[in-house]
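Here is how the chains run, residue by residue.
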Amino acid sequence: MSDAPRPGKAAAKPSGLHLSLARRIAALAAERRWPAGFHLREMEIARTFEVSRTPVRAALGVLAARGLVENRTNLGFFLSRDGAELETAERSLPAAQEDDVLRAILRDREAGRLPEQLIETDLQESYGIGRSGLRKVLLQLAEDGLIKRRRGHGWSFVPSLASTEAREESYRFRLIIECMGLQEPGFRVDRHQFARSRAAHEAFIADLYRSPSVERFFEINAGFHTMLAACSGNRFLLQAMEAQNALRRLTEYADYGELDAAALLKSCREHLAILDALEQGDLNWAVILMRQHLTRPVNGAPPPAG
């Protein structure tokens with residue numbers, strides 16, 4: 001692939017990828033009727049599933065945590081039960097979620113662990129995902145406008161908001177379309193969607209100091225701005241907003257990771273204030289609030305959580 005650091009390092013909490021591979025290992029043990037005490041050699045399993053040893057080790061750790069295998073110091077992993085007994089246990093493990101792979105790819109790209117050009121076999125090995133699952137992820141990324149096919153084979157990321165200049169241009173563009181969108185002749189408040197958005201923000205605020213998930217905040221944030229674009233009744237404005245959200249996925253996960261709880265709380269309250277103004281029919285105040293919300297700070301200050 002390239003000399004970029006390898007992505008896909010095992011996290012303290014098992015990912016959907018590791019759970020998926022754990023399922024496959026348990027299914028293999030059941031299929032081959034391996035006996036209790038059978039040595040699960042990492043290299044052989046990695047070769048069988050065409051992945052690296054890192055996700056295999058993490059998957060075996062998942063099985064060990066569930067008492068299905070035993071991790072013997074300096075010796076490796078061994079089955080704790082007969083393979084035939086693992087058939088039922090395998091069904092109890094959660095299935096893989098392609099969304100986990102998609103989010104991991106976005107994080108690794110932003111962190112510099114993935115190059116511009118992507119090769120499917122390398123991605124399969126790095127993330128421990130099968131060909132069909134990876135294809136779904138790549139097609140979703142392509143549909144979102146984040147990657148494109150290269151001539152010959154493979155994929156490449158499209159130009160993103162990686163530079164400071166590009167991000168500033170993006171926020172200025174959003175100031176134009178989002179503030180004007182609130183003043184579109186066809187703008188209508190969708191009471192049902194507003195209520196759902198408000199509930200999502202309030203739930204996030206309630207959980208903020210317990211589990212401030214970056215991904216959760218991004219989805220609530222992007223959903224808020226997309227909802228208002230849809231309420232404008234202007235299809236072209238909505239398309240532009242969706243394109244901006246797609247580009248932001250490559251960069252703003254990292255931005256949000258640098259924001260503290262107070263900044264996230266401030267953003268949520270600003271969103272709620274805009275909803276209040278729109279529901280009260282005060283469009284001028286809503287535009288002022290939106291402009292304040294999207295205005296970029298200067299002198300190298302952190303970006304707004306917009």
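Summary of the structure given here. (Residues numbered from 1 in each chain as written. Predicted model: local features only at pLDDT ≥ 70, side-chain atom pairs only at ≥ 80, totals over all residues. Heavy atoms only, no water.)

## What about the overall build of the protein chain?
Scanning the protein chain from N- to C-terminus turns up 14 helices and six strands. The buried share of the protein chain, taken over its 306 residues, is 44%. For the protein chain, contacts bridging at least 24 residues in sequence account for 70% of all contacts bridging at least 6. About 15,900 Å² of surface is accessible on the protein chain, with carbon and sulfur atoms providing 50% of the total. (Helix = DSSP H or I, 4+ residues; strand = E, 2+ residues; numbered from the N terminus. Buried < 20%, exposed > 50% of the residue type's maximum accessible area, 1.4 Å probe, protein only. Contact = heavy atoms within 4.5 Å. Areas by Shrake-Rupley, 256 points an atom, 1.4 Å probe, with all protein chains shown as cover.)

## Let's talk about the packing of aromatic side chains
Evaluation of the coordinates by the stated rule reveals two aromatic pairs. Plain terms: the ring middles of F204 and F217 are 5.5 Å apart, the flat faces sit at 45° to each other, and that makes the pair tilted. With F204 in helix α9 (residues 191–207) and F217 in helix α10 (residues 214–231), this residue pair connects regions lying 13 residues apart in the sequence. A relative accessible area of 2% means that F217 is categorised as buried. (Phe/Tyr/Trp six-rings, centres within 6.5 Å; stacked < 30°, edge-to-face > 60°.)

## Notes on the nonpolar core
Counting 22 residues, the largest nonpolar core has I25, L40, I45, L60, L63 and L79 as the members making the most contacts within it. The set of elements that each furnish at least two residues to this core consists of α1 (16–32), α2 (42–49), α3 (53–65) and β3 (76–79). Of the residues forming this core, the biggest block, seven residues, is contributed by α1. (Core = buried A, V, L, I, M, F, W, Y, C linked by side-chain atoms within 4.5 Å.)

## Looking at the packing of α2 against α3
Where α2 meets α3, the axes come as close as 9 Å, and the angle between the chain directions of the two elements is 110°. In terms of orientation, α2 and α3 fall into the roughly perpendicular class. At the point where α2 passes α3, the crossing takes the right-handed sense. Each of E42, M43, I45 and A46 in α2 lies in contact with α3, whose residues at this interface are R53, V56, R57 and L60. For the contact of α2 with α3, the residue count by class is five nonpolar, no polar and three charged. (Axes fitted to C-alpha atoms, helices over the stretch in contact; angles between N-to-C directions. Parallel < 35°, antiparallel > 145°, perpendicular 65-115°, else oblique. Left-handed = near helix turned anticlockwise from the far one by under 90°. Nonpolar A, V, L, I, M, F, W, Y, C, P; charged D, E, K, R; others polar.)

## Regarding the pairing of strand β2 (residues 69–72)
Strand direction decides the pairing type here: β2 and β3, joined by four bridges, are antiparallel. Its bridge partner lying in β3, N71 is registered against F77. Where β2 hands over to β3, the hairpin turn is made up of three residues, of which N74 adopts a positive phi near 65°. (Pairing = 2+ DSSP bridges.)

## Quick word on the sheet that holds strand β5 (residues 147–149)
Taken in spatial order, the three strands of this open sheet run β4-β6-β5, and their pairing is antiparallel. On the outer flanks of this sheet lie β4 (117–118) and β5, each paired with one strand and no other. Of the strand pairs in this sheet, β4 and strand β6 (residues 155–157) are connected by two bridges, and their pairing is antiparallel. The residue bridging L118 from the neighbouring strand is W155, located in β6. The strands that helix α7 (residues 131–143) touches are β5 and β6; relative to β5, the one it contacts most, it runs at about 110°.

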